[in-house]
Amino acid sequence: MPTFASFDGLRLNYTVWEGDGAHHPVLLQHGFAADTNANWISTGVVGALRKAGLTVISLDARGHGRSEKPHDEARYTGDSMARDISALLDELGLDEVSLVGYSMGAIIALTATAADKRIRCLATGGVGSGIVDFGGVDLRVVKPAEIASALLAEDPTTVPPSGVPFRLLADAVGGDRQALAAVALASQEGSLNLSAIGVPTLILAGDQDLLAAEPERLAAAIAGARLVRIPGDHMTAVMSPAFVEALVAFLTAPHPR
């Protein structure tokens, strides 16, 4: 699997599945503590996109998967992960790409789309009004410090309830918990310039997903965005046939620039 040096020299892993060339390539960005396999391959998303003939590219975010995993919180601050998206587009020489992000990946994708004109359309999943109110993770549901505490706890039985899903996922994928804690602590409350997003946008939200509460508010904040509600919670919505059906239909539709 190929790697490349991002804007700050960190080496990141990515995967490319070639399609039939009839559509623009699709770049996938996974969620926190997950990786390409957990978020996109095992859920059937990559398979569905390839069946539709799309070229699929998936990036393991810094601190995740097969990418480098520094333990220094400073390596994850600001828009570093969004800049990794742009650096990968540079590496691959792509002028236009469709971008899909889930959960943390959705925050990264929104940030990248606001800054990089090569992104022709955007689909997000697993986020809602937390983006509007906090610029990222919904702090009414879980706080970065709680996630970090759950990841760093020596005794899993002492993990705070809000952090349990993240600890379980990190352990299930063999994640570097110290690196993931640094990622969590680097995510501070801020704001996203949603008005800078002018491309066709699809908002996918699980109807039981607490981290994607009030997705209609996110859709309303992005000009022309369309909302599709999916059965499931934060961990299961991405596995729903309705998720991939809506995603394939959106990514294969014409989106004139």
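Quick note: structure is the one above.
J.: Please give an account of the side chain of Asp35 that cites residues and values.
T.: Here Asp35 shows up in the loop between strand E3 (26-29) and helix H1 (36-41). The buried charged residue Asp35 lacks any salt bridge, with Arg66 as its nearest oppositely charged partner at 6.3 Å. Looking at Asp35, its side chain comes within polar contact range of the main-chain nitrogen of Asn37, at 3.2 Å. Polar contacts involving the side chain of Asp35 include one to the main-chain amide nitrogen of Ala38, which spans 2.8 Å. Beyond its immediate stretch of four places on either side in the chain, Asp35 contacts His30, Trp40, Asp60, Gly65 and Val173.

J.: Can you explain the sheet that holds strand E2 (residues 11-17)? Please cite residues and give values.
T.: In a beta sheet, neighbouring strands are held together by backbone hydrogen bonds and run either parallel or antiparallel to one another. With mixed pairing, eight strands are arranged side by side in an open sheet as E1-E2-E4-E3-E5-E6-E7-E8. What marks the edges here is a single partner per strand, and that holds for strand E1 (3-5) and strand E8 (226-230). Direction aside, the axes of adjacent strands within the sheet are offset by 25° on average. Both E1 and E2 contribute to a ladder of three bridges, which runs antiparallel. What sits directly across from Thr3, in E2, is Asn13. Most of the contacts of helix H4 (residues 104-115) go to strand E5 (residues 97-102), to which it runs at about 145°, and overall it touches E3, E5 and strand E6 (119-125). Against the sheet, helix H10 (residues 241-252) touches E3, E5, E6, strand E7 (201-206) and E8, its axis set at about 180° to E7.

Quick notes on the rules
Residues numbered from 1 in each chain as written. Predicted model: local features only at pLDDT ≥ 70, side-chain atom pairs only at ≥ 80, totals over all residues. Heavy atoms only, no water. Helix = DSSP H or I, 4+ residues; strand = E, 2+ residues; numbered from the N terminus. Buried < 20%, exposed > 50% of the residue type's maximum accessible area, 1.4 Å probe, protein only. Lys, Arg positive; Asp, Glu negative; His and termini not counted. Salt bridge = Lys/Arg side-chain N within 4 Å of Asp/Glu carboxyl O. Polar contact = N/O pair within 3.5 Å; in protein donor to acceptor, adjacent residues only side chain to side chain. Contact = heavy atoms within 4.5 Å. Pairing = 2+ DSSP bridges. Axes fitted to C-alpha atoms, helices over the stretch in contact; angles between N-to-C directions.

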